[in-house]
Amino acid sequence: MPTPRSTSSPIPAPSTASSTIELNISGMTCASCAARVEKKLNKHDGVHAEVNYATEKATITGDTDALDADALIATVEKTGYGAELTPESTAAGTQAPQDAMAEAELDSLRRRLIVSAVLAVPVIALAMVPAWQFDYWGWVSLALTLPVVVWAGWPFHRATWQNLRHGSVTMDTLISLGTSSALVWSMVALFFGSAGDPGMRHGFDFTVSRGDGLSHIYLEVAAGVITFILLGRYFEKRSKRTAGSALRALLDLGASEVTVLRDGAETTININELTVGDEFVVRDGEKIATDGVIASGHSTIDTSMLSGESVPVEAGPDDAVAGATINVGGGKLVVQTTKVGKDTQLAQMAQMVEDAQSGKASAQRLADKISGVFVPIVIAVSLLTLIAWLLIDGDWAAAFTAAVAVLIIACPCALGLATPTALLVGTGRGAQMGVLIKGPEVLEHSRGIDRVILDKTGTVTTGVMELADVVTAEGFDRDEVVHLAGSLEHESEHPIGRAIARAATNQRADGTLSEVSDFESIRSAGVRGVVEGRRVAVGKPSLADNADLGALQQPFLSAQTQGHTALVVLVDGTPAAVLMVADQVKTTSAAAIQQFHELGIETMLLTGDNQAVAETVAAEVGIEHVRAEVMPEDKVAVIADYQDRGYKVAMVGDGINDAPALAQADLGMAMGTGTDVAMESADITLVRGDLRAATDAIRLSRRTLGTIKGNLFWAFAYNTAAIPLAALGLLNPMLAGAAMALSSVFVVSNSLRLRGFTSTAGAGVDATVRATV
């Protein structure tokens, strides 16, 4: 139990009460939107607001009197975004309303993407293939493009207007201005120029020369850019949609109903009706409904959810138990409730996950970073072009042609492909190797990782208890002793007993075990019975009439020192053998640790197991640092401490108890052989359960991020180089179109190179993953 903090000075007089509220924010399209909302909220007196783009939430703390929810929501709405209070529940806060809002946004984005793709494909095909350009093809392209730009592209236009109202520009501004300019100028060319005349064709003329702006249309630019950018936004939104899944999965672990004792009778009630002081029944295999103290009964509790400890713990009267842990020992328990709702350990774990996700800095999209400088320059160049042409030439048509050409050429088709194509290829290649990457933010989080923290059970080790070694006394045969012990333990439901029974079954070709009579389970000691006419006991030395183990004493103590679970086998009252049961290290773990070190990443083992076990495992695989016997909140604290000291931390785990730490880490990686909660909390899921997949994930993430940066460079470099030609009036539409197409082809080809990425585990990984899934 935690002890109260002591103070060396009197407690100050109470001040104005402080409280916190949360708002769900909708309509944000980039990190600058979150910064704008945060700035407006912080203008309220007596409050401090933090807005997170990734979770789409605003956390506002301040004096109770200053926290006027209606006024804060009104401020957000005046800024151009939607807001509503985040509802609370008896646990960690329901996600349902926010999920509904996110799902509605995702559905709207999906519809816009599908419609724009269907309409844009023929527009692009007609513009790029002269042989398909029939009479009046430009008018058909206009009819197809209008819904794409006006309806499908409406979110970009709306965001541009909101940004301009607040004196800022983002990638939305570039998209809206470029596509609108292309559409408007194309309409002018069709209605007032010669572009709409019958027989008008866009041929391929690779020369740089003065062009007649009223004879060419740029509808493929408008339709293509909208479609490609929507594609990128859709994948981004879909990855963000899973942000609350870890919380839902955690809360789903709790029992929904509980059997309480009322007036001596058992009554089943909803978990929300349970109150402190109630007594409830937990039978074998059932979840413990909430935190409490055992009033009566003895059993074994699987506490791996909280501790990660692979061995269940025995519990009896007056022992504390936690909600969502499982009674696996066969005994019936009566538990007196001590905590309910938000006070339980399960709810606190869910809150830690949410706090870690909300506190994780959102990755600013690279395109937005560049556009913050690029867009104002383009607009300035366009205005200067217009003014310069009017001063030099005085020809309004030529001036507007050149000015609009600057805006058109500044809207890069390749930009829409730069991120989504690299993500599609990179994440697809990762999936083939058993590495599932959730979204673009993950790639930035992988950059600069210099410390990886590893859970033990199920991550470095198999997570399954196995018979590791057997030391027999003189006169006893190893196989015979294992057979006798395994036959006896086959009657037990304890995980250690199952490990011994499994070893006994595997050592015989027919896999048979002997019949057991007079079986008896002795609490906190072991089991005994009669096997093949011999009295057999397996468990602690206290089962023996004489606790002296003789020659087996040293192996027994040595096994305990190494952190193994040591059991004595007694045959007809005589110590016959010491069985050593342990969670086995995965055969690939040592190689994975070596690969981490080759990447310049330090390693640490962070586990709820005891110190001896942790040190033994760490020494076996080469892990540098060890912290053992820690609870979930301790894991979060260790990671936060390293982050405060400037480390970029990756966490690899598989259990429910790892979920808060996976969310807190800069990069969370969950073993696919672990729990759903861990996988929902993580940024990356390692399907094949091989720790070497973690090094593959970091290498692939860095490679994909590098590809995206290269794509963005070339997407912008083309436009930057072409802008002077447009400003000088030398924009040849077909040369520009060909260059745009070449830029897009380069981006796609560069992304496709990621398909050649290979796993450190060898060429057989792809087939192994396919067999796994």
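These numbers were taken from a predicted model, which means no experiment stands behind them.

Here is what the cut-offs are and how they apply
Per-chain numbering applies: the sequence of each chain, read as written, is numbered from 1 onward. Local features in a predicted model are, by the rule used here, given only for residues with pLDDT of at least 70; side-chain atom pairs are given and counted only at 80 or more, and totals for whole chains, interfaces and linings are based on all residues. Side-chain calculation: all heavy atoms of the structure are included, whereas hydrogens and water are not. Between any two strands, at least two bridges found by DSSP are needed for them to pair. Secondary structure elements are defined from DSSP: runs of H or I of at least 4 residues count as helices, runs of E of at least 2 residues count as strands, and each element is numbered from the N terminus. Throughout, an axis means a line fitted to C-alpha atoms (over the contacting stretch in the case of helices), and angles, computed between N-to-C directions, take values from 0 to 180 degrees. Here a residue-residue contact requires only that any non-hydrogen atoms of the pair lie within 4.5 Å. In the sections that follow, a salt bridge refers to a side-chain nitrogen of Lys or Arg positioned within 4 Å of a carboxyl oxygen of Asp or Glu. UniProt positions are given in the numbering used here, feature names are shortened, and annotations may be inferred rather than shown by experiment. Note on exposure labels: buried denotes an accessible area under 20% of the residue type's maximum, exposed denotes more than 50%, and partly exposed covers the range between, all computed with a 1.4 Å probe on protein chains only. The pLDDT value expresses, per residue, how confident the predictor is, ranging between 0 and 100. Note on aromatic contacts: the rings of Phe and Tyr and the six-membered ring of Trp form a pair at centre separations within 6.5 Å, being stacked when their planes are under 30 degrees apart, edge-to-face when over 60 apart, and tilted otherwise. By the definition adopted for this analysis, an angle is roughly parallel if under 35 degrees, roughly antiparallel if over 145, roughly perpendicular if from 65 to 115, and oblique otherwise. Put simply, buried Ala, Val, Leu, Ile, Met, Phe, Trp, Tyr and Cys residues joined by side-chain atoms within 4.5 Å make one nonpolar core. Of all possible arcs, the one meant is that of the directions from the helix axis to the C-beta atoms. Whenever a nitrogen or oxygen atom comes within 3.5 Å of another N or O atom, the pair is scored as a polar contact, on the condition that within protein one atom can donate a hydrogen and the other can accept it, and that pairs from neighbouring residues in sequence are kept only if both atoms are in side chains.

Give a description of the sheet that holds strand β22 (residues 602-606) that names residues and reports values.
To summarise the sheet geometry, strands pair through backbone hydrogen bonds and adopt either a parallel or an antiparallel arrangement. Spatially, the seven strands line up as an open sheet ordered β14-β26-β25-β24-β15-β22-β23, and their pairing is mixed. Each having just a single partner strand, β14 (435-437) and β23 (625-627) make up the two edges of the open sheet. Across the sheet, the axes of successive neighbouring strands diverge by a mean angle of 20°, strand direction being ignored. Here four bridges tie strand β15 (residues 451-454) to β22, and the two strands are oriented parallel to one another. Residue pairing across strands places isoleucine 453 opposite methionine 604, the latter belonging to β22. Docked against the sheet, helix α20 (residues 611-621) engages β22 and β23, running at close to 160° with respect to β23.

A description of the pattern of salt bridges should follow, citing residues and the corresponding values.
Enumeration over the complete set of coordinates arrives at 16 salt bridges. We note a salt bridge from aspartate 107 to arginine 110, for which the minimum N-O separation is 2.6 Å. Taken as a pair, aspartate 107 and arginine 110 lie in helix α3 (residues 96-128) at a separation of three residues, close to a single helical turn. Among the ionic pairs, aspartate 641 bridges to arginine 645, the shortest N-O distance being 2.9 Å. Connected through salt bridges with shared partners, the residues Glu266, Arg283 and Lys332 form a single ionic network.

Describe the sheet that holds strand β8 (residues 292-296), and please don't skip the residues or the numbers.
On the basis of which strands lie adjacent, the open sheet formed by six strands has the order β6-β5-β7-β13-β8-β11 and antiparallel pairing. Each edge of the open sheet carries a strand with a single partner, namely β6 (265-270) and β11 (320-321). Examined bridge by bridge, β8 and β11 share two bridges and lie antiparallel to one another. Within β11, the position partnered with valine 293 by the bridge is alanine 320.

Now, about the environment of aspartate 135: what can you tell me, with residues and values included?
Its place among the elements puts aspartate 135 in the loop between α3 and α4 (137-152). Placed 61 residues apart in sequence, aspartate 135 and glycine 196 show a C-alpha to C-alpha distance of 8.8 Å.

I'd love a proper account of the UniProt feature "transmembrane region" (unreviewed entry) in the chain, names of residues and values included.
Within the UniProt annotation, "transmembrane region" (unreviewed entry) is assigned to residues 113-130, 136-154, 174-195, 215-235, 370-392, 398-425, 711-728 and 734-752. Structurally, residues 174-195 comprises 86% helix and 0% strand, and the distance from its first C-alpha atom to its last is 25 Å.

An account of unusual backbone geometry is needed here, citing residue identities and associated values.
For aspartate 572, which is not a glycine, the phi torsion comes out positive at approximately 55°. If you trace the backbone, aspartate 572 turns up in the loop between β20 (565-571) and β21 (574-585). Of note, glutamate 629 is a non-glycine position whose phi angle comes to about 55°, a positive value. Turning to its location among the elements, glutamate 629 is positioned in the loop between β23 and α21 (632-644). Given the relative accessible area of 53%, glutamate 629 is considered exposed.

Can you explain the confidence of the model for the chain? Please cite residues and give values.
Per-residue confidence for the chain gives a mean pLDDT of 78, with 79% of residues at or over 70. Within the model, pLDDT remains below 50 along residues 356-364, and this stretch shows 24 contacts once partners closer than five positions in the same chain are excluded.

Just give me the short version of the pairing of β20, but keep the residues and values in it.
The element β20 is largely enclosed, with a buried count of six among its seven residues. Two strands pair when backbone bridges link them, and β20 and β21 are joined in this way by seven bridges, in the antiparallel orientation. What sits directly across from valine 568, in β21, is valine 578. Count of turn residues in the β20/β21 antiparallel hairpin: two residues, of which aspartate 572 carries a positive phi of about 55°.

Describe in detail the packing of aromatic side chains, supporting the description with residues and values.
Here the structure, examined in full by the defined rule, presents two aromatic pairs. Centroid distance tryptophan 139 to phenylalanine 191: 5.0 Å. Interplanar angle 90°. Geometry classified as edge-to-face. Of this pair, tryptophan 139 sits in helix α4 while phenylalanine 191 sits in helix α6 (residues 171-192); the two residues are 52 residues apart in sequence, bridging distant segments of the chain. Judged by centre distance (5.3 Å) and plane angle (85°), the rings of tyrosine 642 and tyrosine 647 are edge-to-face. A relative accessible area of 9% means that tyrosine 642 is categorised as buried.

So what's going on with the environment of threonine 173? Which residues, and what values?
Summarising the element assignment, threonine 173 is placed in helix α6. Put simply, threonine 173 and threonine 160 are 13 residues apart on the chain and 4.8 Å apart in space, counted from C-alpha to C-alpha. Those residues in contact with threonine 173 that sit more than four places away from it in its chain are Thr160, Asn163, Ser168 and Val375.

Now, about the packing of α4 against helix α5 (residues 154-165): what can you tell me, with residues and values included?
Two numbers describe how α4 lies on α5: the axes approach to 5 Å, and their chain directions differ by 45°. One way to sum up the angle between α4 and α5 is to call them oblique. Contacts between α4 and α5 involve Val149, Val150, Trp151 and Ala152 on the former and, on the latter, Trp154, Pro155 and His157.

How would you sum up the nonpolar core? Please name residues and give values.
One finds Leu454, Val652, Met669, Ile684 and Leu686 to be the most contacted residues of the largest nonpolar core, which totals 35 residues. Counting only elements with at least two residues in this core, the list comes to β14, β15, α19 (589-598), α20, β24 (649-653), β25 (667-671), β26 (684-686) and α24 (692-727). Not counting residues within four places of it along the chain, the set of residues in contact with valine 652 comprises Val452, Ile453, Leu454, Asp455, Thr459, Leu662, Met669, Met671, Leu686, Leu691 and Ala694. In terms of nonpolar packing, the next biggest core, distinct from the first, is built from 32 residues, Leu109, Val148, Ile217 and Ala222 among them.

Before we move on, can you summarise helix α2 (residues 69-79) with the specific residues and values?
Of the residues making up α2, those classed as buried are Ala69, Leu72, Ile73, Thr75, Val76 and Thr79. Across the axial projection of α2, the buried residues extend over an arc of 155°, all falling on one side. Residues of α2 that are exposed and point over 90 degrees away from its buried face: Asp70 and Lys78. Residue aspartate 68 occupies the N-cap position of α2, its side-chain oxygen lying 3.2 Å from the main-chain nitrogen of aspartate 70. Trailing α2 by a residue or two, glycine 80 shows a phi angle of about 110°, which is positive.

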